[in-house]
Amino acid sequence: GEDVEQSLFLSVREGDSSVINCTYTDSSSTYLYWYKQEPGAGLQLLTYIFSNMDMKQDQRLTVLLNKKDKHLSLRIADTQTGDSAIYFCAESNNYGQNFVFGPGTRLSVLP
Amino acid sequence: DAGVTQSPTHLIKTRGQHVTLRCSPISGHKSVSWYQQVLGQGPQFIFQYYEKEERGRGNFPDRFSARQFPNYSSELNVNALLLGDSALYLCASSSLAGYVDTQYFGPGTRLTVL
């Protein structure tokens, strides 16, 4: 079955860049997503990328996709303390069926 | 505009009981999906409903069921509760307009089974 893997923890200093990595197994994945979850809250969609794209940039966020290696990364530039949260990678096929989430990466931003 | 709302916020039940969780999607969204998030893990897909019909089902036992109403709100029902059903239950709505399914999540219902 489909599987999404992420490293569980990442710690960075305020102002540095953060890079959160994700690998997935389903080669039929059409869309890949990054979600943010703050303590006690639901999930907030940060960005998504279509599988025929290599890169997507949105303000401080840059998503890189290596489809050959099934590797997705999220880079957060100038990381702030407000970026501390759990970041989930997710994949789906067309129309969002079979939505599969990774276990989440807990990002800690140190002052 | 109101986001996705879920009720109740918290719930405590005992083993063997039944529970009903409710979700109201964003106005104009016709699709509702349910997820179970066990502490320390990512959300796991339970059901997706679109236009009152089940479109997808995850790997959950028949004790889990759901339905969607004409106003697109949804209920998730869990029978014969087990301790392992303790989790945050998340509802997400989407318009399914176009190909990408940008799901918007509610704050969740925290279910504790004693």
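This text goes with the structure placed above it.
Summary of the structure given here.

The rules we used
Numbering of residues begins from 1 in every chain and follows the order in which that chain's sequence is written. Lettering for chains starts from A, numbering for ligands starts from 1, and both go in the order in which the items are written. Local features in this predicted model are restricted to residues of pLDDT 70 or higher, and side-chain atom pairs are both shown and tallied only at a pLDDT of 80 or more, whereas totals for entire chains, interfaces and linings draw on every residue. For the side-chain quantities, the full set of heavy atoms in the structure was used; hydrogens and water were omitted. Strand pairing is defined by DSSP finding a minimum of two bridges between the two strands. Only DSSP runs of H or I with at least four residues qualify as helices, and only runs of E with at least two residues qualify as strands; both kinds are numbered from the N terminus onward. Every angle, taken between N-to-C directions, lies between 0 and 180 degrees, and every axis is a line fitted to C-alpha atoms, over only the stretch in contact when it is a helix. Just to be clear on terms, a salt bridge is a Lys or Arg side-chain nitrogen sitting within 4 Å of an Asp or Glu carboxyl oxygen. Note on classification: 1.4 Å probe, protein chains only; a residue is buried when its accessible area is under 20% of the maximum for its type, exposed when over 50%, partly exposed between these limits. Points on a 1 Å grid, built from protein atoms alone, make a cavity when a 1.4 Å probe fits but cannot get out and make a pocket when they are open with protein on both sides within 12 Å along at least 5 of 7 lines; residues with an atom within 4 Å of a point are the lining residues. Grid points are joined across faces, edges and corners, and a volume is the space filled by probe spheres set on the points. As a working rule, the residues Ala, Val, Leu, Ile, Met, Phe, Trp, Tyr, Cys and Pro are called nonpolar, Asp, Glu, Lys and Arg charged, and the rest polar, with Gly in that last group.

A short note on the sheet that holds strand β7 (residues 64–68) of chain B
All names here are of chain B.
For step 1, the next point in the chain: Ordered in space as β1-β3-β8-β7, the 4 strands form an open sheet in which the pairing is antiparallel. The sheet is open, and its two edges are formed by β1 (5–7) and β7, each paired on a single side. In this sheet, adjacent strand axes meet at a mean angle of 15 degrees when their direction is disregarded.
For step 2, the next point in the chain: Sheet topology note: the β1/strand β3 (residues 19–24) ladder contains 3 bridges and is antiparallel. Paired with Thr5 across the two strands is Ser24, which belongs to β3.

Brief notes about the pattern of salt bridges
All names here are of chain B.
For step 1, the next point in the chain: According to the stated counting rule, one finds 8 salt bridges over all chains in the structure shown.
For step 2, the next point in the chain: Two residues, Glu75 and Arg22, come together in a salt bridge whose shortest N-O distance is 3.5 Å. On the criterion of sequence distance, the pair formed by Glu75 in strand β8 (residues 74–78) and Arg22 in strand β3 is long-range, its members being 53 residues apart.
For step 3, the next point in the chain: Given the relative accessible area of 42%, Arg22 is considered partly exposed.
For step 4, the next point in the chain: Between Arg63 and Asp85 there is a salt bridge; the shortest N-O distance is 2.8 Å. With Arg63 in the loop between β6 (53–57) and β7 and Asp85 in the loop between β8 and β9 (87–94), this residue pair connects regions lying 22 residues apart in the sequence.
For step 5, the next point in the chain: Judged by relative accessible area, Arg63 falls into the buried class, the value being 18%.
For step 6, the next point in the chain: Each of Arg22, Arg67 and Glu75 takes part in salt bridges that share partners, so that together they form one network.

Thoughts on the sheet that holds strand β8 (residues 71–76) of chain A
Residues and elements named next belong to chain A.
For step 1, the next point in the chain: Taking strand neighbours across the sheet as the criterion, the 5 strands line up as β1-β3-β8-β7-β6 in an open arrangement whose pairing is antiparallel. Single-partner strands in this sheet number two, and they are β1 (4–6) and β6 (55–58). Sheet twist, expressed as the mean angle between neighbouring strand axes with direction ignored, is 15 degrees.
For step 2, the next point in the chain: Sheet analysis places strand β3 (residues 18–24) next to β8, joined by 6 bridges and oriented antiparallel. Opposite Cys22, over in β8, you have Leu72 as the bridge partner.

Quick look at the layout of surface pockets
For step 1, the next point in the chain: Taken as a whole, the largest pocket encloses approximately 520 Å³ of empty space.
For step 2, the next point in the chain: Lining the largest pocket are 26 residues, with Gln37(A), Gly40(A), Ile86(A), Gln37(B) and Arg110(B) sitting closest to its centre.
For step 3, the next point in the chain: Going through the elements one at a time, β9 (85–92) and β11 (105–110) of chain A are the ones with two or more residues in the lining of the largest pocket.
For step 4, the next point in the chain: Per element, the largest residue contribution to the lining of the largest pocket is 3 residues, and it comes from β9(A).
For step 5, the next point in the chain: Of the residues in the lining of the largest pocket, the class split is 13 nonpolar, 10 polar and 3 charged.
For step 6, the next point in the chain: Computed from the structure, the second largest pocket encloses a volume of approximately 320 Å³.
For step 7, the next point in the chain: Lining the second largest pocket are 15 residues; nearest its centre among them are Phe99(A), Val100(A), Pro43(B), Gln44(B) and Phe45(B).
For step 8, the next point in the chain: Counting only elements with at least two residues in the lining of the second largest pocket, the list comes to β10 (100–101) of chain A together with β5 (44–50) of chain B.

Spatial relationships are all this shows, so hold off on functional conclusions.
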